[in-house]
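# Observations on the model geometry
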Amino acid sequence: MSVAGLHLLQLVSPALPVGAFSYSEGLEVLVQRGDITTPKALQDWLEAELRRGGIRIEAAALGPLQEALREHQLMATAGAESDEAQLARGALIDLDGWLLAQREASELRAQQRQMGRSLLQLLAQLGWPLHPEVELAWPAAWAWAGLCLEIPLPDLVEAYLYGWCANQVSAAVRLVPLGPTQGQRLQLALGPLLVERGRELAVADPREQWTGGIGSGLCQLHHAELYSRLFRS
C-alpha cells in the first residue's frame, strides 16, 4: 500500500479526534419511531441516502472545494489584502456556505461546523495550517485534508461516503440495537454501491445534483424534540 493509502486509512479511522461518534444525523429519530428496527431496514435507508440523499452533494463538492482551497492558498501568497486573494477567499466561503445551507437542521449545521473546526485544528497541529485561516465546515475541511495528505480525489470521495456510512452503522449498533457482526456484514454489503457512487460523484458537478432526502431532513429537525437521546444530532 502507498503512503497516501495509509494516510487515507488514518483519515477514516474511528480514532480521528473530530467527534463523529456523537452524531446520528437523525437516525435516532427513525429508531425511536420504529421505522428502523432491523438490519434490512437500515440497509435500505443507507442505500436510499447514497442514491438520493444530501451526502451525494457534499461528496461531489470535494473536487471544487479542493480547487477553491488551492486558489485560496495561491492567492494568499500574493498578499492577503490583494483583490485576487479576497476573491479566492470569497469563492471558498461561498461554496462552503452553500453546502452548509443544504443541511436543514441547526443541529446538523452545528455538527458540520464542529467537525470541520476539529479537523482543521488537527491538521494545523500536524503541520498543515490553512493560511490565511478561515472557518470551514466538515466537507471543506475533509477536502483540505485530502490535499495535505496527497490523497487522490476518487479515493477521497469514496472515503467520505464510507466514513459517513460507517458512522451511521456505528450509531445503529447502539440504537437499534444492531449486533457488531451484523454491522460489519452491512458495511460489506454496502461496498459495491460505495465504489459505484464514489466514482460517479468524483466527476460530478455538485450544483447539478439534487436531493430527495426530505425524510432525512425531517428526522434531523425532529431530533431536537426527543425527550431522551444518546446523540447530539
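Because the structure is predicted, anything quoted here is derived from the model rather than measured. (Residues numbered from 1 in each chain as written. Predicted model: local features only at pLDDT ≥ 70, side-chain atom pairs only at ≥ 80, totals over all residues. Heavy atoms only, no water.)

## Points about the side chain of glutamine 114
Note that glutamine 114 resides in helix H7 (residues 106–125). We classify glutamine 114 as buried; its relative accessible area is 14%. One polar contact links glutamine 114 to serine 118, side chain to side chain, over a distance of 2.9 Å. When neighbours within four sequence positions are excluded, glutamine 114 is seen to be in contact with Val18, Tyr23 and Arg232. (Helix = DSSP H or I, 4+ residues; strand = E, 2+ residues; numbered from the N terminus. Buried < 20%, exposed > 50% of the residue type's maximum accessible area, 1.4 Å probe, protein only. Polar contact = N/O pair within 3.5 Å; in protein donor to acceptor, adjacent residues only side chain to side chain. Contact = heavy atoms within 4.5 Å.)

## Concerning the confidence of the model for the chain
Of all residues in the chain, 96% attain a pLDDT of 70 or more, and the chain-wide mean is 91. Here helix H11 (residues 214–222) stands out as the least confident element of the chain, with mean pLDDT 81; helix H8 (residues 138–148) is the most confident, with 97. (pLDDT = per-residue confidence, 0-100.)

## Some thoughts on unusual backbone geometry
In this model, histidine 131 is joined to proline 132 through a cis peptide bond whose omega is -10°. Note the cis peptide between valine 176 and proline 177, where omega equals -5°. Considering the arrangement of structural elements, one finds proline 177 in the loop between helix H9 (153–175) and helix H10 (180–201). Unlike most non-glycine residues, glutamate 150 shows phi in positive territory, near 55°. Relative to the helices and strands, glutamate 150 is located in the loop between H8 and H9.

## Observations regarding the nonpolar core
One finds Leu11, Leu27, Leu65 and Leu119 to be the most contacted residues of the largest nonpolar core, which totals 67 residues. The residues touching leucine 11, leaving out its near neighbours within four places in the chain, are Leu16, Leu119, Trp142, Ala145, Leu149, Ile151 and Leu156. (Core = buried A, V, L, I, M, F, W, Y, C linked by side-chain atoms within 4.5 Å.)

## Some remarks on the environment of tryptophan 210
Residue position: tryptophan 210 is located in the loop between H10 and H11. Residue tryptophan 210 is classed as partly exposed on the basis of its relative accessible area, which comes to 49%. In sequence terms tryptophan 210 and arginine 56 are 154 residues apart; their C-alpha atoms lie 8.4 Å from each other. In contact with tryptophan 210, other than residues within four places in its own chain, are Arg52, Arg56 and Ile57.

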